[in-house]
Amino acid sequence: MTDRVAGMRTLPVGVDQRSACRHPDWTGPDDLTIKIGELREITDWEKPIYVKVGATRTYYDVKLAVHAGADVVVVDGMQGGTAATQDVFIEHVGIPTLAAIPQAVQALRELGVHREVQLIVSGGIRTGADVAKAIALGADAVAIGTAALIALSDNHPRHDAEYRQLGSAAGYFDDFQDGRDPAGISTQDEELAARCLYRRVRREPSMWSPRGPVRRARGGRMTRCPTLCVNSGCAASPSIRRRPPMY
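Since the model is a prediction, treat every value here as computed from it, not as a measurement.

S.K.: Which parts of the structure should I look at to understand the overall build of the chain?
M.R.: Scanning the chain from N- to C-terminus turns up 12 helices and four strands. Here the chain, with 247 residues, has 35% of them falling under the buried criterion. For the chain, the accessible surface area stands at approximately 15,100 Å², while carbon and sulfur atoms represent 53% of it.

Written out as structure tokens, the structure is:
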């Protein structure tokens, strides 16, 4: 663990960060209400609280999250990418992303908070059509993960030889847990991180000028940066209001 990550996690350098399969300090909705209250106090009620649930018992889980006081509910569908669980869960467990949205919307409408408690949908959002369908079904926004990594040239064929040294190959997207991403994105290695397209753009803004080096970069598919929206802020964020629990 690097100094930067250790500082973010408030852990000593060199100590592994445990990634638990569940949050050990809550076992039910009452504990979730307490935890959200703790987060409110820590942040002086300035930050919206997101609760992310897998699309399994979507209708009930969304209601529990709202009752606990969440400002935003994130529903992650079956197509969501992960390398941190068993294949049987990746391939066969969960409700498809778009099919889960009506259940979430129904729960919000029954509680009278649809559009007040925002609904964000993630998991397998790959095209503009996926975004349009999610919004049409009642979501307020979508979130992307793997698609952004692909747009930043992760798992690009030019790194295939290095991916094979890790026991993977270009296009498989199963190397993110190793911390040795040759594209320099999902890694804390400074030499590898220097390869990251986004970091290079931050250092050299002229790469995106129509009259600058971007013309030479087009062969490398560097004509758009999917993370610029992160820098400018989500259009929905200013409308997110902090809210108390419903009981």
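From this point, the narrative continues.
S.K.: What is the right way to look at the nonpolar core in this model?
M.R.: Across soluble globular proteins, you tend to see nonpolar side chains buried next to one another. One finds Ile36, Val62, Val66, Val73, Val75, Leu108 and Leu119 to be the most contacted residues of the largest nonpolar core, which totals 28 residues. Elements represented by at least two residues in this core include exactly helix H2 (29–42), strand S1 (50–54), helix H3 (58–68), strand S2 (72–76), helix H5 (97–110) and strand S3 (118–122). The element contributing the most residues to this core is H5, with six residues. Sequence-distant contacts of Val75, that is, excluding residues within four places in its chain, are made with Val53, Ala55, Thr58, Val62, Ala100, Ala104, Leu119, Ile120, Val121 and Ser122. Core analysis: the next-biggest nonpolar cluster, separate from the first, contains six residues, Leu152, Tyr163, Ala183 and Cys196 among them.

S.K.: What is the right way to look at the pairing of S1 in this model?
M.R.: Only one face of S1 is buried: it carries Val51 and Val53, and the other face, with Tyr50, Lys52 and Gly54, is open. Of the pairings in the sheet, the one linking S1 to S2 comprises five bridges and is parallel in character. Bridging from a neighbouring strand, Val51 pairs with Val73 of S2. Handedness of the β-α-β unit built from S1, H3 and S2 comes out right-handed.

S.K.: Mind showing me how you'd approach the sheet that holds S3 here?
M.R.: Strands in a sheet are paired, the pairing made by backbone hydrogen bonds, and the direction either parallel or antiparallel. Read across the sheet, four strands follow the order S1-S2-S3-S4 without closing on themselves; strand pairing throughout is parallel. At either margin of the open sheet sits one strand with a lone partner, and together these are S1 and strand S4 (141–143). Adjacent strand axes in the sheet meet at a mean angle of 25° when their direction is disregarded. Where S2 meets S3, five bridges bridge the pair, whose relative direction is parallel.

S.K.: Would you explain the environment of Pro29 in this entry?
M.R.: In this structure, Pro29 sits in helix H2. Sequence separation between Pro29 and Ala65 is 36 residues; the distance between their C-alpha atoms is 7.7 Å.

S.K.: Explain the packing of aromatic side chains to me, please; I cannot follow it from the model alone.
M.R.: When we look at a pair of aromatic rings, we describe it by the centre distance and by the angle of the planes. In the structure shown here, the tally under the stated rule is one aromatic pair. Arranged with centres 5.0 Å apart and planes meeting at 90°, the rings of Tyr59 and Tyr60 form a pair that is edge-to-face. With relative accessibility at 17%, the residue Tyr59 sits in the buried group. Residue classification places Tyr60 among the exposed positions, given a relative accessible area of 53%. A cation over a ring is seen here: Arg40 above Trp45, with NZ or CZ 5.2 Å from the ring centre.

S.K.: It is not clear to me how the environment of Gly138 should be interpreted in this structure. Could you clarify?
M.R.: You can see Gly138 is positioned in the loop between helix H6 (128–136) and S4. Among the residues examined, Gly138 registers a relative accessible area of 4% and is labelled buried. The residues contacting Gly138, other than those within four sequence positions of it, are Ile101, Val105, His114, Arg115 and Leu119.

S.K.: Any chance you could explain H5 here in plain terms?
M.R.: An α-helix turns once every 3.6 residues. As a result, residues three or four positions apart point the same way. The end-to-end C-alpha separation of H5 is 21 Å, in line with the 20 Å expected for 14 residues at 1.5 Å each. Within H5, burial applies to Thr97, Ala100, Ile101, Ala104, Val105, Ala107 and Leu108. The arc that holds every buried residue of H5, seen down its axis, measures 160°, which confines them to one face. The inward-facing, buried residues of H5 contact H3, S2, S3 and H6. The first or second residue beyond H5 is Gly112, which carries a positive phi of 75°.

S.K.: Can you help me understand the pairing of S3 in this one?
M.R.: Along any regular strand the residues' side chains alternate between the sheet's two faces. Here S3 lies mainly inside the structure; five of its five residues are buried. By the bridge criterion, three bridges tie S3 to S4 in an arrangement that is parallel. When the sheet's bridge partners are listed, Ile120 is paired in S4 with Ala141. Remark: the S3/H6/S4 crossover connection has right-handed handedness.

Reading the values: rules and limits
- Numbering of residues starts from 1 in every chain and runs along the sequence as written.
- With pLDDT at 70 or above as the cut-off, local features in this predicted model cover only qualifying residues; side-chain atom pairs require 80 or more to be listed or tallied, and sums for whole chains, interfaces and linings still use all residues.
- Note that the side-chain values use all heavy atoms of the structure and ignore hydrogens as well as water.
- A run of DSSP states H or I qualifies as a helix once it reaches four residues; a run of E qualifies as a strand once it reaches two. Both are numbered from the N-terminal end.
- Between buried and exposed lies partly exposed: a residue is buried under 20% and exposed over 50% of the maximum accessible area for its type, with that area taken using a 1.4 Å probe on protein chains only.
- Note on areas: Shrake-Rupley, 1.4 Å probe, and residue coverage restricted to the protein chains presented here.
- Nine residue types can take part in a nonpolar core, namely buried Ala, Val, Leu, Ile, Met, Phe, Trp, Tyr and Cys, and a core is a set of them joined through side-chain atoms within 4.5 Å.
- Contact criterion: two residues are considered in contact whenever any of their non-hydrogen atoms come within 4.5 Å of each other.
- The criterion for strand pairing is that DSSP finds at least two bridges linking the strands in question.
- With the strands pointing away from the viewer, any crossover whose connection runs clockwise from the first strand over the helix to the second is right-handed.
- With axes taken as lines fitted to C-alpha atoms, and helix axes fitted only over the stretch in contact, angles between N-to-C directions fall between 0 and 180 degrees.
- Under the pairing criterion, centres of Phe, Tyr and Trp rings, with the six-membered ring standing for Trp, must be within 6.5 Å; the plane angle then separates stacked pairs below 30 degrees from edge-to-face pairs above 60, leaving the rest tilted.
- Here, over-ring charges are defined by two tests on the NZ atom of lysine or the CZ atom of arginine: distance to the ring centre within 6 Å, and angle to the ring normal within 35 degrees.
- A helix is expected to reach a length of 1.5 Å times the quantity of its residues less one.
- In this description, the arc belongs to the directions extending from the helix axis to the C-beta atoms.

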